[in-house]
Amino acid sequence: MRAHLLGIEGMRVEDLQTLLENSATMLEVSERVIKKVPTLRGRTVINLFMEPSTRTRTSFELAGKRLSADVVNISESASSTKKGESLLDTAITLESMSPDILVVRHSASGAPHLLAKYLSSTCVVNAGDGLHEHPSQALLDCLTLMRHFGEIPRGKTVAIVGDVLHSRVARSNILALSLLGNRVRLVGPPTLVPASLGHPRCFGHRVSIHHSLREGIEGADVVMCLRLQRERMSRFYIPSLEEYSRHYGVSERLLRQHAPDAVVLHPGPMNRGVEIDSDVADGARSLVTLQVGSGLAVRMAILVTLAATKGTVEGGAV
Ligand code: NCD
């Protein structure tokens, strides 16, 4: 039986915890002089990225290489979808070359789910689908908090600030953080953080909505800043960037006043001076670079876990 990683939705808390624990054991590989283990020798990973990416694509590529898999990268500009081929036909063509894992990023919500349905022998990983989910990002954010707090985050107050409406990062994080037993505050203007997201039937009782930044971050343990996903906006959601950043830009001064002990996450890419000030991004409370290292470890754990569902992997542990 092959498995997929399509989202955090529907995941059991035990599976989430196991993935985080396995990810933590992968961190050490990247500290070695020879950053390579034989776990996925003879396995093939294809990264099909139909949207821009720096962190996610590079870390999935490095994750596969550090595990000794053969890794192939395909970007939108270099794929036959540019010649009119459908995504499904591209994926079926790639499957004919017997990859073990297909990592997919696509602007359409649900694209990886479609491929998982029609491919017969390949494990599919969702590396971000439209404004739906980005499960490996949520896992890496949880691993980053686990490294900071010394244990899987539980009982923390996490303020997610900014363009929640268009953010697959927010959606996956809301699901993962609340599943682990944290309180999640969604903070932003009503156009980007609609009240309906706070309805218990949407994300459960651990999620609340705040339109005031001060109120939303008050006493928070973690503040996660989100980029405005302007490529996914179909109309005007904010009056101007200046006005948005005046009301919702996270600054060191504000954190000192309202959340003095908070650590700060940002999935990147950052728009400095819009959703986050440089004094926060580069300051002592920023976990942004830790997030990037966590991303590599999480993606190694994901590849090993999925490859194991298609047969044994060498040694299991690294
Ligand atoms: C995020 C994404 O692509 O959804 N970036 C990432 O994967 N690190 C967030 C964003 O683009 O703002």
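Structural data are supplied above this passage.
Below is a summary of the structure that appears in this document. (Residues numbered from 1 in each chain as written. Predicted model: local features only at pLDDT ≥ 70, side-chain atom pairs only at ≥ 80, totals over all residues. Heavy atoms only, no water.)

Overview of the overall build of the protein
Part 1 of the argument: When its secondary structure is counted, the protein shows 12 helices and 9 strands.
Part 2 of the argument: The C-alpha radius of gyration of the protein comes to 19 Å, within 12% of the 20 Å expected for a compact globule of 318 residues.
Part 3 of the argument: Across its three principal directions, the C-alpha atoms of the protein cover 55 × 45 × 35 Å.
Part 4 of the argument: Buried residues in the protein amount to 55% of all 318 residues.
Part 5 of the argument: The long-range share in the protein, meaning contacts at least 24 apart out of those at least 6 apart in sequence, stands at 78%. (Helix = DSSP H or I, 4+ residues; strand = E, 2+ residues; numbered from the N terminus. Rg over C-alpha atoms; globule rule 2.2 N^0.38 Å. Buried < 20%, exposed > 50% of the residue type's maximum accessible area, 1.4 Å probe, protein only. Contact = heavy atoms within 4.5 Å.)

Here we look at the layout of surface pockets
Part 1 of the argument: Here the largest pocket is characterised by a volume of approximately 380 Å³.
Part 2 of the argument: Classifying every residue of the lining of the largest pocket by side-chain character gives 5 nonpolar, 9 polar and 7 charged.
Part 3 of the argument: Two domains each put at least three residues into the lining of the largest pocket: domain 1 (13-133 + 293-308) and domain 2 (135-291).
Part 4 of the argument: By volume, the second largest pocket amounts to about 320 Å³.
Part 5 of the argument: Residue assignment for the lining of the second largest pocket shows that the elements contributing at least two residues are helix 1 (13-26) and helix 12 (288-308).
Part 6 of the argument: Broken down by class, the residue content of the lining of the second largest pocket amounts to 7 nonpolar, 7 polar and 3 charged. (1 Å grid on protein atoms, 1.4 Å probe; cavity = no way out; pocket = protein on both sides within 12 Å on 5 of 7 lines; lining within 4 Å. Points joined across faces, edges and corners; volume = space filled by probe spheres on them. Nonpolar A, V, L, I, M, F, W, Y, C, P; charged D, E, K, R; others polar. Domains from an automatic or database assignment.)

Some words on the site of the ligand
Part 1 of the argument: Every residue near the ligand is listed here: R55, T56, R105, H134, Q137, R168, V169, R227, Q229, P267, G268 and P269.
Part 2 of the argument: The backbone of P267 places a nitrogen or oxygen atom 3.0 Å from a nitrogen atom of the ligand.
Part 3 of the argument: Taking G268, its main chain carries an N or O atom lying 3.0 Å from a nitrogen atom of the ligand.
Part 4 of the argument: Here the ligand loses 93% of its free accessible area of 320 Å² to cover by the protein chains. (Near = heavy atom within 4 Å. Polar contact = N/O pair within 3.5 Å; in protein donor to acceptor, adjacent residues only side chain to side chain. Areas by Shrake-Rupley, 256 points an atom, 1.4 Å probe, with all protein chains shown as cover.)

Section: the sheet that holds strand 2 (residues 70-75)
Part 1 of the argument: On the basis of which strands lie adjacent, the open sheet formed by 4 strands has the order 2-1-3-4 and parallel pairing. Looking along the sheet, the strands with just one partner apiece sit at the ends: strand 2 and strand 4 (123-129). Each strand of the sheet is rotated relative to its neighbour by a mean of 15 degrees, with strand direction disregarded.
Part 2 of the argument: The sheet contact formed by strand 1 (residues 44-49) and strand 2 spans 6 bridges and is parallel. By the bridge assignment, N47 is partnered in strand 2 with N73. (Pairing = 2+ DSSP bridges. Axes fitted to C-alpha atoms, helices over the stretch in contact; angles between N-to-C directions.)

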